[in-house]
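Residues per chain are reported as follows:
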Amino acid sequence: MGARIGMPSMPQVPRMLARKLDVAQGATVTSVLRDGGEWVLRKDSSNFRADLLVLAIPAPQARDLLGPTHSLDPDLERVGFHASVTVMVGLDPEAPRPFVTQKGEGARAWVVQDSAKPGREGQPLTAWVVQADPEWSRAYIVLPVARLADLVAPRLLQLLGALDDHVRYQAAHRWLYAQASRPLGQPFLANDDAGLVVGGDRGLGPMAEDGWASGRTRADHLLARL
Ligand SMILES: Cc1cc2nc3c(=O)[nH]c(=O)nc-3n(C[C@H](O)[C@H](O)[C@H](O)COP(=O)(O)OP(=O)(O)OC[C@H]3O[C@@H](n4cnc5c(N)ncnc54)[C@H](O)[C@@H]3O)c2cc1C
């Protein structure tokens, strides 16, 4: 299967999928409870009630919400994750651009010239994304994001033959549960009596397509029961 690229940017894919949905963003659910045959989700000081609950979040976070005595906990505990440190660097367009993608190891395991993707023409800076490998990420993920960017950006410049003066922007992102290293081996888990399904990419594998496949199967499962 060829690479799928969101245009003009990757978030366009979920934006398009969610265009008819009522989505609350920037809202962290801090607890989920069963009450009178319904789910009660707590967010800040407000509650949200629902008949069905679909948890499409990393297994460790699903475990935190459901609690250690939940019947699905032993299955969720089996799922393993790789951490990922990813750094974005914006360079002056004059800086060298010797390649579009390059695989390596350590801090520079996967280097992508993001602005070379289709639909990114005319951007003022050359955007690079540098992903560290799981070992490097695990060792350094505790550092502050600014420090991580300071560590990785010079390694990118060295690889490209670019100069400090070319850097216009740099930022790091830390994903504790970036990609499934040990997926569940099935698309989702269900507790039909309680109207609960738990899934995501972690069911089948580490890629967005795995999350999509799990989501489709979860939807079929729920629709068959409505
Ligand atoms: C750096 C990086 C690069 C990647 N590159 C690729 C790639 O090139 N190709 C590819 O196919 N895949 C890639 N992946 C993997 C891809 O991003 C995932 O497979 C995909 O995002 C999984 O989708 P999902 O909906 O299952 O889960 P997620 O995208 O993880 O979505 C879960 C959402 O739930 C939210 N959430 C968690 N807990 C709570 C809570 N308590 N309350 C409210 N919200 C909560 C999270 O904030 C998150 O938005 C990459 C992942 C990373 C980290």
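Residues numbered from 1 in each chain as written. Predicted model: local features only at pLDDT ≥ 70, side-chain atom pairs only at ≥ 80, totals over all residues. Heavy atoms only, no water.

Overview of helix α5 (residues 145-160)
Selection rule: Going along the chain from the N terminus, every DSSP run of H or I of four or more residues is numbered as a helix, and every run of E of two or more is numbered as a strand. One less than the number of residues in a helix, times 1.5 Å, gives the span that helix is expected to have. Note on contacts: a residue pair is in contact if any heavy atoms of the two residues lie within 4.5 Å.
Here α5 contains 16 residues, and its C-alpha end-to-end distance of 22 Å stays within 8% of the 22 Å for a straight helix at 1.5 Å per residue. The inward-facing, buried residues of α5 abut β5 (80-91), β7 (110-113), β8 (126-131), α4 (134-140) and β9 (167-182).

With respect to a nonpolar patch on the surface
Where we set the bar: To count toward a patch, a residue needs a relative accessible area over 30% and no salt bridge; like charges are then connected within 9 Å, while nonpolar side chains (Val, Leu, Ile, Met, Phe, Trp, Tyr) are connected within 5 Å. Using the Shrake-Rupley algorithm and a 1.4 Å probe, accessible areas are obtained, with residue cover drawn only from the displayed protein chains. Each reported salt bridge corresponds to a side-chain nitrogen of Lys or Arg within 4 Å of a carboxyl oxygen of Asp or Glu.
Together, V13, M16, L17 and W212 make up a nonpolar patch on the protein surface, roughly 380 Å² of accessible area in all. With 3 residues, helix α1 (residues 12-17) is the largest single contributor of residues to the nonpolar patch. Looking at the secondary structure, you find W212 in helix α7 (residues 208-225).

Focus: the domain arrangement of the protein
The criterion, for reference: Boundaries between domains were set according to an automatic or database domain assignment. Summed over both partners, buried area is the accessible surface (1.4 Å probe) that two parts give up on being assembled.
Each domain of the protein was delimited in the assignment, giving domain 1 (40-79 + 185-225) and domain 2 (81-180). The C-alpha centroid of domain 2 is placed 32 Å from the C-alpha centroid of domain 1. Of the residues lining the interface, 10 residues belong to domain 1; the matching set on domain 2 comes to 5 residues. A combined buried area of about 590 Å² lies between domain 1 and domain 2, and 69% of that area is made up of carbon and sulfur atoms.

As for the pairing of β5
Keep this limit in mind: For every residue, the accessible area obtained with a 1.4 Å probe (protein chains only) is divided by the maximum for its type, and the residue is called buried under 20%, exposed over 50%, and partly exposed between those limits. By this definition, two strands are paired if DSSP reports at least two bridges between them.
In terms of burial, β5 is a largely internal element, 10 of the 12 residues being buried. For β5 and β9, the ladder comprises 11 bridges, and the chain directions are antiparallel. Directly across from M88, in β9, lies its bridge partner A171. Strand direction decides the pairing type here: β5 and β8, joined by 6 bridges, are antiparallel. For T86, the partnering residue across the bridge sits in β8 and is Q131.

Quick look at the pattern of salt bridges
In the structure shown here, the tally under the stated rule is 8 salt bridges. Among the salt bridges present, the one from E38 reaches R49, with a minimum N-O distance of 2.6 Å. Taken together, the residues E38 in strand β2 (residues 38-43) and R49 in strand β3 (residues 46-50) connect sequence positions 11 residues apart. When its relative accessible area of 43% is taken as the criterion, R49 is described as partly exposed. Note that R63 and D73 form a salt bridge whose closest N and O atoms lie 2.9 Å from each other.

As for the sheet that holds β2
Threshold: Note on geometry: axes are C-alpha line fits, over the in-contact stretch for helices, and angles between N-to-C directions span 0 to 180 degrees.
Pairing in this open sheet of 3 strands is antiparallel, and the strands run β1-β2-β3 from one edge to the other. Bordering the open sheet on either side are β1 (29-35) and β3, each of which pairs with just one other strand. With strand direction ignored, the average angle separating the axes of adjacent strands in the sheet is 25°. The sheet contact formed by β1 and β2 spans 6 bridges and is antiparallel.

Some points on the packing of aromatic side chains
As a reminder, the rule being used: For this analysis, a ring pair means two rings from Phe, Tyr or Trp (six-membered ring only for Trp) whose centres lie within 6.5 Å, classed as stacked if their planes differ by under 30 degrees, edge-to-face if by over 60, and tilted for the remaining angles.
Counted according to the given criterion, the structure contains 3 aromatic pairs. Relative to Y177, the ring of F81 has its centre 5.6 Å away and its plane inclined at 70°; by these criteria the two rings are edge-to-face. Taken as a pair, F81 in strand β5 and Y177 in strand β9 lie far apart in primary sequence, 96 residues in all. Look at Y177 and you get partly exposed, because its relative accessible area is 29%.

So, the environment of V85
Along the polypeptide, V85 turns up in strand β5. For the pair V85 and R174, spaced 89 residues apart in the sequence, the C-alpha separation amounts to 4.8 Å. Apart from the residues lying within four places of it in its own chain, the contact partners of V85 are V130, Q131, A132, W136, S137, I141, L148 and H173.

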